[in-house]
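The lines below spell out each chain.
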Amino acid sequence: MKKRIAVLGSTGSIGTQTLQVIDAQKEFFEVEVLTANNNADLLIEQAIKYKPNSVVIANKEKYDYVSKALNNYPVKIYAGEESIAQIVQFDNIDIVLTAIVGIAGLLPTIKAIEAGKNIALANKETLVVAGELINKLIRENKASILPVDSEHSAIFQCLSGEINNAVEKIYLTASGGPFRKKDIDFLKTVTKEQALKHPNWDMGTKITIDSATMMNKGFEVIEAKWLFGLNSQQIDVIVHPQSIIHSIVQFEDGAMKAQMGLPDMKLPIQYALSYPQRLKSNFQRFNFLNYPNLTFEKPDLNKFKNLAIAYEALEKGGNVACALNAANEIAVDAFLKNKIQFLDITSIIEKTIGKTYFIKENTYKDYVETNSEARKIAKSLIK
Ligand code: NDP
């Protein structure tokens, strides 16, 4: 039986790579649902090529356009973010791959979990914002999360076969981003074009900026806590500029297991879809002789304060990481629109967290309210 996949955010970087994986493994997977926000043309093209049962365009104004273009094809067309949240619950879906960017990915993920689906999770913001609630829902609904993020996929792969063996700590590797070797004065003058040039990975704009500020690594620390049940002292970040070792688990006896390979998101995507099986692939293979030096450095938390802020948010718990995510989304958007400087992203996050009302135990409604309060605060800080 082929696994039937809903690809949320099919027009993005992870979404398009997921479709490449499915294309190469047609005997194992088929596309059931595709969704996009605005990119109607690509969604139409994908619908014609992959013949899903349904497509959703989140921007309702584009419904007629998509509908007209797909008039002669046997595909159901829906519009609106609420339709994405509904469609993930359909019986004909085995795996929901969540590659929507930002907090917009939260509600569809929750609905898919409530329907007991397997989630291939790329949308890390879901766990950053509401990790505690998501874990509770996973337990209650017997759903499961398979990580797509390369670091978490690496940890997940290292943990395979280690069911009763306690983890001492994990090391999440970080490339260090484009400004690893720059000083703080340089960071003051960074342009969005410079920040959008990631040395090793080709990704969507938001995560690329998050990587440049190291907010992304901070999010991954929080994501790791919820995925693997660790505390903040058990999660270390090590800068590894070559991005060959994707992450490491250290067990109680001191043994360390690492997962490595060339940086290519298609491998963790495929693993999340095919788990527990590994499928034969033609992904480019790693050659040791091309990488005679694999190097490691301590992250500079003075220069990349966002990583320190994420650790603090993890310690404080409650809705702090939700406020952090909201402020970051607003600040990154403002930076991309040239409204603020690179280092303002951090100060907006810090101030927003300081001003957001703290809630220890959060329901879904609390997260929604925290998100909207923090977004308002962050916006008020942008002149
Ligand atoms: P992109 O910006 O490339 O793609 C985002 C996708 O989400 C697009 O399909 C976009 O549609 C859709 N989308 C955006 N906003 C909404 C909305 N409000 N409602 C519905 N759909 C929406 O992002 P990436 O693929 O880079 O990242 C996706 C997620 O995966 C992020 O959470 C990121 O952190 C995570 N991730 C990404 C990695 C990567 O290598 N790119 C690696 C690890 C994790 P449209 O195209 O129409 O705008």
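Residues numbered from 1 in each chain as written. Predicted model: local features only at pLDDT ≥ 70, side-chain atom pairs only at ≥ 80, totals over all residues. Heavy atoms only, no water.

Describing the nonpolar core
- Core analysis: the largest hydrophobic core is formed by 119 residues, its most contacted members being Val55, Leu97, Ile134, Ile170, Leu273, Leu324 and Phe342.
- For this core, the element with the most residues is helix 14 (residues 320-336), which contributes 11 residues.
- For Val55, the residues in contact, after removing those within four places along its chain, are Leu34, Leu43, Ala47, Val66, Leu70, Val75, Lys76, Ile77 and Tyr78. (Core = buried A, V, L, I, M, F, W, Y, C linked by side-chain atoms within 4.5 Å. Buried < 20%, exposed > 50% of the residue type's maximum accessible area, 1.4 Å probe, protein only. Helix = DSSP H or I, 4+ residues; strand = E, 2+ residues; numbered from the N terminus. Contact = heavy atoms within 4.5 Å.)

Quick notes on a nonpolar patch on the surface
- There is a patch of nonpolar side chains on the surface, built from Met260, Phe288 and Leu289 and spanning about 360 Å² of accessible area.
- With respect to the helices and strands, Phe288 occurs in the loop between helix 12 (266-274) and helix 13 (305-316). (Patch = residues over 30% accessible without salt bridge, like charges linked within 9 Å, V, L, I, M, F, W, Y side chains within 5 Å. Areas by Shrake-Rupley, 256 points an atom, 1.4 Å probe, with all protein chains shown as cover. Salt bridge = Lys/Arg side-chain N within 4 Å of Asp/Glu carboxyl O.)

A look at the site of the ligand
- Taken together, the neighbourhood of the ligand is formed by 26 residues, with Thr11, Ser13, Asn38, Asn39 and Glu125 sitting nearest.
- Between an oxygen atom of the ligand and a main-chain N or O atom of Ser13, the distance comes to 2.9 Å.
- Ala122 places a polar main-chain atom, nitrogen or oxygen, 3.4 Å from an oxygen atom of the ligand.
- Across the complex, the protein chains shield 87% of the 900 Å² of accessible surface that the ligand would expose by itself.
- Taken together, the elements giving at least two residues each to the shell around the ligand come down to helix 1 (13-24) and helix 4 (81-87). (Near = heavy atom within 4 Å. Polar contact = N/O pair within 3.5 Å; in protein donor to acceptor, adjacent residues only side chain to side chain.)

A closer look at the layout of surface pockets
- Within this model, the second largest pocket holds a volume of roughly 460 Å³.
- Sorting the residues of the lining of the second largest pocket by element identifies helix 7 (150-159), strand 11 (256-260) and helix 12 as the ones contributing at least two each.
- The element best represented in the lining of the second largest pocket is helix 12, accounting for 5 residues.
- Considered class by class, the residues forming the lining of the second largest pocket number 11 nonpolar, 10 polar and 4 charged. (1 Å grid on protein atoms, 1.4 Å probe; cavity = no way out; pocket = protein on both sides within 12 Å on 5 of 7 lines; lining within 4 Å. Points joined across faces, edges and corners; volume = space filled by probe spheres on them. Nonpolar A, V, L, I, M, F, W, Y, C, P; charged D, E, K, R; others polar.)

Looking at the pairing of strand 5 (residues 95-98)
- Burial along strand 5 is two-sided: the face carrying Ile95 and Leu97 and the face carrying Val96 and Thr98 are both buried.
- Both strand 1 (residues 3-8) and strand 5 contribute to a ladder of 4 bridges, which runs parallel. From the neighbouring strand, Val7 faces strand 5, where its bridge partner is Leu97.
- The sheet contact formed by strand 5 and strand 6 (residues 118-121) spans 4 bridges and is parallel. Along strand 6, the bridge assignment pairs Ile95 with Asn118.
- With respect to chirality, the unit in which strand 5 leads through helix 5 (residues 106-114) into the neighbouring parallel strand 6 is right-handed. (Pairing = 2+ DSSP bridges. Right-handed = clockwise from strand over helix to strand, strands pointing away.)

Describing unusual backbone geometry
- With an omega of 5°, the peptide bond between Tyr275 and Pro276 qualifies as cis.
- Here Pro276 lies in the loop between helix 12 and helix 13.
- In the Ramachandran plot, Lys51 falls in the positive-phi region, its phi being about 50° despite a non-glycine side chain.
- With respect to the element layout, Lys51 can be found in the loop between helix 2 (40-50) and strand 3 (54-57).
- Phi is positive for Ser243, close to 50°, though the residue is something other than glycine.
- Considering the arrangement of structural elements, one finds Ser243 in the loop between strand 9 (235-239) and strand 10 (245-251).
- Ser243 sits in the buried class, given a relative accessible area of 7%.

Regarding the packing of aromatic side chains
- Applying the stated criterion across every chain yields a total of 9 aromatic pairs.
- For the ring pair Phe156 and Tyr275, a centre distance of 5.0 Å and an interplane angle of 50° mean the geometry is tilted. Here the residue Phe156 occupies a position in helix 7, and Tyr275 occupies one in the loop between helix 12 and helix 13, the gap between them amounting to 119 residues.
- Phe156 gets classed as buried once you look at its relative accessible area, which sits at 19%.
- Taking the centre distance of 5.6 Å and the plane angle of 70° together, the rings of Phe335 and Phe342 count as edge-to-face. The exposure classification of Phe335 matches that of Phe342, with both residues buried.
- A network of ring pairs unites the aromatic residues Phe179, Phe186, Phe335 and Phe342 as a single cluster.
- In this structure, Lys182 is placed above the aromatic ring of Phe186, and the distance from its NZ or CZ to the ring centre is 4.8 Å.
- When the ring centre of Trp226 is taken as reference, the NZ or CZ atom of Lys225 above it lies at 4.8 Å. (Phe/Tyr/Trp six-rings, centres within 6.5 Å; stacked < 30°, edge-to-face > 60°. Lys NZ or Arg CZ within 6 Å of the ring centre and 35° of its normal.)

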